[in-house]
Amino acid sequence: VMALPFDTKGLVVKELFDDAFVVATGPAYRPRGKGAITVDEINNNPLLLLEQGHCLRDQTIEVCGGAGSNAHNAFTATSLSTILEMVANDYGLTLLPEMSLAKEANDPRIRLLPLAPPVPSRKIAIVWRKSSSYGQFYTEIGDLINRQDKTQAEMRA
């Protein structure tokens with residue numbers, strides 16, 4: 001299971017679901033408005049990123065506007081745990097994918113705020129080698145996950 005985009009040459013890719021991003025802030029952060037956070041608001045605050053080589057870093061920079069963002073001035077760290085400790089202590093903001101929230105954002109000092117629509121997300125996929133003898137099995141797992149995700153989305157609606 002991996003987040004796309006990723007170089008998947010020679011691999012079979014079955015897309016599973018969209019994993020939306022949320023903004024993680026510390027307790028002292030005060031959003032400009034009452035609604036969702038905009039990319040401009042993120043770019044007007046210190047941004048905390050994983051160091052180069054992490055796909056979440058690249059995805060965050062893309063969401064924040066690429067070269068036009070404040071990512072070139074961002075604080076970087078080697079682990080998401082370090083980034084979230086910095087967030088919890090009000091050193092800046094970061095983006096988190098929804099699927100990481102239960103494990104990564106359980107510090108009560110961290111506030112999770114929605115992003116303004118259209119809410120950016122990344123695609124999650126199940127990936128396997130074309131030569132794998134388990135291709136049918138992986139396809140069935142992917143179908144099961146897709147059905148579960150669809151059921152959960154209908155329940156939220």
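Draft legend 1. Quick peek at the environment of A74. By secondary structure assignment, the location of A74 is in the loop between α2 (55-63) and β4 (75-77). Judged by relative accessible area, which is 16%, A74 ranks as buried. Here the alpha-carbon distance between A74 and G92, two residues 18 residues apart in the chain, equals 9.1 Å. Non-local contacts of A74, meaning those with residues more than four positions away in its chain, are made with L47 and L49.

Draft legend 2. Structural view of the pairing of strand β2 (residues 11-25). Relative to strand β7 (residues 121-129), β2 is paired through nine bridges, and the arrangement is antiparallel. In the sheet register, D19 faces β7, and the bridge partner there is R122. Pairing of β2 with strand β5 (residues 94-97) involves four bridges; the strand directions are antiparallel. Residue pairing across strands places F21 opposite P97, the latter belonging to β5. One ladder, built from four bridges, connects β2 with strand β6 (residues 111-114); its direction is antiparallel. Each residue of the ladder has a partner; that of A24, found in β6, is L112.

Draft legend 3. Structural detail: the side chain of Q59. The residue Q59 is located in helix α2 in this model. Residue classification places Q59 among the buried residues on the basis of a relative accessible area of 8%. There is a polar contact of 3.2 Å between the side chain of Q59 and the side chain of R122. If sequence neighbours within four positions are ignored, Q59 has contacts with A3, L4, F21 and R122.

Draft legend 4. Expanded view of unusual backbone geometry. Between L4 and the following residue, P5, the backbone shows a cis peptide bond with an omega angle of 5 degrees. Topologically, P5 is positioned in the loop between β1 (2-4) and β2. Notably, D90 is not glycine yet its phi reads approximately 65 degrees, a positive angle. In this structure, D90 sits in the loop between α3 (80-88) and β5.

Draft legend 5. View of the pattern of salt bridges. Considering all chains together, one arrives at seven salt bridges under this definition. One salt bridge in this structure joins K14 and D143, with 2.8 Å as the shortest N-O distance. Taken together, the residues K14 in strand β2 and D143 in helix α5 (residues 135-156) connect sequence positions 129 residues apart. Note that E85 is salt-bridged to R109, the shortest N-O span being 3.1 Å. Remark: R109 occurs in the loop between α4 (101-104) and β6 and E85 occurs in helix α3; sequence separation between them is 24 residues. Among the residues examined, E85 registers a relative accessible area of 41% and is labelled partly exposed. In this structure R109 comes out as partly exposed when scored by relative accessible area, which is 30%. Each of E15, D18 and K123 takes part in salt bridges that share partners, so that together they form one network.

Draft legend 6. Representation of the environment of L93. The topology assignment puts L93 in the loop between α3 and β5. Judged by its relative accessible area of 3%, L93 falls in the buried class. Sequence spacing of L93 and A153 is 60 residues, and the spatial spacing of their C-alpha atoms is 28 Å. In contact with L93, not counting residues within four places along its chain, are V23, A24, T25, Y29, I42, N45, P46, L47, L48 and V87.

Reading guide: rules and limits
Residues numbered from 1 in each chain as written. Predicted model: local features only at pLDDT ≥ 70, side-chain atom pairs only at ≥ 80, totals over all residues. Heavy atoms only, no water. Helix = DSSP H or I, 4+ residues; strand = E, 2+ residues; numbered from the N terminus. Buried < 20%, exposed > 50% of the residue type's maximum accessible area, 1.4 Å probe, protein only. Contact = heavy atoms within 4.5 Å. Pairing = 2+ DSSP bridges. Polar contact = N/O pair within 3.5 Å; in protein donor to acceptor, adjacent residues only side chain to side chain. Salt bridge = Lys/Arg side-chain N within 4 Å of Asp/Glu carboxyl O.

Note that every value here comes from positions in space, so none of it alone points to a role or purpose.
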